[in-house]
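Report on the structure
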Amino acid sequence: ANGALSDPADLEAQARRLLADDRARGVVARFYRELMSDGLEVRFDLAVPAFTPAVLGLMDREFASFVNHATFDGGGDFGALFAPSTWLNGPLARYYGVPGVEGYAFQPVALDASIYAGILTQPAWVTRASFPGYSDPSRRGWAISRGLLCQLIPPEPPGVNDPPPTPTGGQTTRERLQEHASNPTCAGCHQLIDPVGFSLEHIDASGRYRDTENGRAIDSSGALYGGAGSFDGAAELGAILANSQPARDCFVGQWERFAFGRLEAQANECTRSQLLEQFAVNPNVAELLVALTQTDSFRFRKVQP
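Once that is clear, we can look at the packing of aromatic side chains. In this description, an aromatic ring pair is defined by two values, namely the gap between the centres and the angle between the planes. Tallied over the full model, the rule gives 16 aromatic pairs. Both rings, one in F131 and one in Y134, keep their centres 6.4 Å apart while their planes meet at 45°; by these two values the pair is tilted. Every member of this aromatic cluster is reached through a ring pair, and the members are F31, Y32, F78, F82, F251, W255, F258 and F279. The ring of F198 has R174 lying over it, and the distance from NZ or CZ to the ring centre is 4.1 Å. R208 extends its terminal NZ or CZ atom over the ring of Y95, reaching a point 4.3 Å from the ring centre.

Okay, structure coming up:
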């Protein structure tokens, strides 16, 4: 009312005040949940009675604790999202088989850096991108390709069935998906997403680590489409994404869409260029959120006729 928000410096001061409020953490967690699992719904497997809605609720708290620590309390940069760590309490740690964590309070836990990669291996979204008893590399690869690389995945052809391929003998999940690579109807989409999803094959449909499937060693190797890098496991994929310019540019675009509530076709190219340039100089996520308030897209709106 008194014009105190007309100056960019005043907007910045208020933005920093609001980000320091604990309620900002809920919004940040919501952004990452939508980024990784929007449209995905967990299906519980009756053959795995330990994986319950209560455990999924703990996974959601783990996820929120991790992304908020990475954003506000840790390094704060884009690379922190792929750090080999998480937040656990005693019950969730026992579910995963992680020793040395007691009590009901969530606490930071360092994980094996050769296996885990921060947000990539968070079970809260990985279990949602699975079927009961089936890890579903296609859905997992779709979530990563769409959310972290902003790749446009073509829609499924008419008549495609959603359930996973029927297992034959002692096949692994990877072998069950070989049809996707050989069938021209499937290959167009699945060559983009399946190789990425294979990186998470060490995490089963209930969110727990595994070395083997049906008594056979897990093959978690893959490659990003277009020669952007090959990997063996989530840790190597995370290292690629943490240093990937397309992934960083996608991340800026995802925050812009979330903050301004508009589709890509409505984006202001000047705003996008301004944000990309700043994030290239300082890839700090909280500073990116402040930078959003300094753009013309935030400060002005079109006069309606």
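Let's pick the thread back up.
Below, the discussion takes up the nonpolar core. Formed by 67 residues in total, the largest nonpolar core has its most connected members in Y32, I144 and F251. Ranked by residues supplied to this core, first place goes to helix α3 (residues 53-73) with 9 residues. Among all residues touching I144, those that are not within four sequence positions of it are M36, L120, W125, L149, V196, L200, L237 and L241.

With respect to the helices and strands, the residue L120 is situated in the loop between β2 (107-110) and α5 (123-126). Among the residues examined, L120 registers a relative accessible area of 0% and is labelled buried. For L120 and D77, which are 43 residues apart along the polypeptide, the C-alpha to C-alpha distance reads 16 Å. Filtering out sequence-adjacent residues up to four positions away, L120 remains in contact with F82, W125, V126, I144, L148, L200, A234, L237, G238 and L241.

The rules behind the values
- Along each chain, the written sequence defines residue order, and numbers are assigned to residues from 1.
- In keeping with the model being predicted, local features are shown solely for residues with a pLDDT of at least 70 and side-chain atom pairs are shown and tallied solely at 80 or more, while totals for entire chains, interfaces and linings include all residues.
- By convention in this description, side-chain values take in all heavy atoms of the structure and omit both hydrogens and water.
- Pairing of aromatic side chains requires ring centres within 6.5 Å, counting the rings of Phe and Tyr and the six-membered ring of Trp. Pairs whose planes differ by under 30 degrees are stacked, by over 60 edge-to-face, and all others tilted.
- The rule is short: NZ of Lys or CZ of Arg within 6 Å of the ring centre and within 35 degrees of the ring normal puts a charge over the ring.
- Grouping buried Ala, Val, Leu, Ile, Met, Phe, Trp, Tyr and Cys residues that are joined through side-chain atoms within 4.5 Å yields what is termed a nonpolar core.
- Each residue's exposure class comes from its accessible area (1.4 Å probe, protein chains only) as a fraction of the maximum for that residue type: buried when under 20%, exposed when over 50%, partly exposed otherwise.
- Here a helix means four or more residues in a row that DSSP labels H or I, a strand means two or more in a row labelled E, and each is numbered from the N terminus.
- The contact criterion used is simple: two residues touch if any of their non-hydrogen atoms lie within 4.5 Å.

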